[in-house]
Amino acid sequence: LRTFVTEALEANPDLVASSRRLAAARRLVTVEAANRRPQVGARYNASRGNQWIDGAGHRTTTTRHRAAVGVSWEIDLWGRLADRERAASASVAGQEADLAAARDALGARIVQTWVEAITVERAIAVERSRVEILEQLQATILEQFQRGLGGLDDLAAARTDTEVARATVLVLQQQLETSIRDLEVLSGSVPRAELVTASSLPAIDRFQIPSPASVMTARPDVAAALHRLEEANAEAAAAAKNRLP
């Protein structure tokens, strides 16, 4: 299960897309940080002049080449550029927390579906044993009926119980295939119901239950919300400073 969760976290399409968006957001932080530094630009221009005929009757043209280098620097007097950089950094931190929350949710979903699949598989084994017992019981009742020791009601009830048990096995098999397909989808592979799960449930280590306050601070979604609030405050501060000279 540990290996499967690790592979699924690396191959899940949604997480891969989120990682790419996070990488793009980190590049934007670099752009905002560069706005606070001097900007150097170069320009080259070539122009062709009008043609004319000189005294000797030759056609003449002129070509002009111009090159220029400029340096500009916006002094961040009011801290507007710093606010924009702080907003971009907070946006990256928020997306990192969102990605962590998505990874936790995917891992929890995989563990839950994995346990469900093993549970259903064990239930199938129990129901198949039950079908064998009911078939033996039905054969015994049929033999007694043939000897005149039982009635049709007992035989009909035995046959009904056997068929219900067989139908339950089919329903459980369908549930098992659905769980396995869900695991394959979560791992980013084609759902073919071919994944082989473990035969035993995963062991759970004992852990100390944390306090509610520490749980709140450790939750990635709460951290993401706080980073988005910081981003909004920084954007608001930068927008307000646009009114200053």
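Everything quoted here is computed from the prediction, not taken from an experiment.

### Here's the deal with the pattern of salt bridges
Okay, so step 1: A complete count under the given rule lists eleven salt bridges for this structure.
Okay, so step 2: The shortest N-O distance in the salt bridge between E96 and R26 comes to 2.9 Å. Pair noted here: E96 is in helix 3 (residues 80-146) and R26 is in helix 2 (residues 13-34), with a separation of 70 residues, a long-range link.
Okay, so step 3: The exposure class of R26 is partly exposed, given its relative accessible area of 42%.
Okay, so step 4: A salt bridge links R86 to D83; its shortest N-O distance comes to 3.4 Å. Here the residue R86 and the residue D83 both occupy positions in helix 3, the gap between them amounting to three residues, near one helical turn.
Okay, so step 5: Under the relative-accessibility criterion, R86 is labelled partly exposed at 33%.
Okay, so step 6: Residue D83 is classed as buried on the basis of its relative accessible area of 8%.

Reading the values: rules and limits
Residues numbered from 1 in each chain as written. Predicted model: local features only at pLDDT ≥ 70, side-chain atom pairs only at ≥ 80, totals over all residues. Heavy atoms only, no water. Salt bridge = Lys/Arg side-chain N within 4 Å of Asp/Glu carboxyl O. Helix = DSSP H or I, 4+ residues; strand = E, 2+ residues; numbered from the N terminus. Buried < 20%, exposed > 50% of the residue type's maximum accessible area, 1.4 Å probe, protein only.

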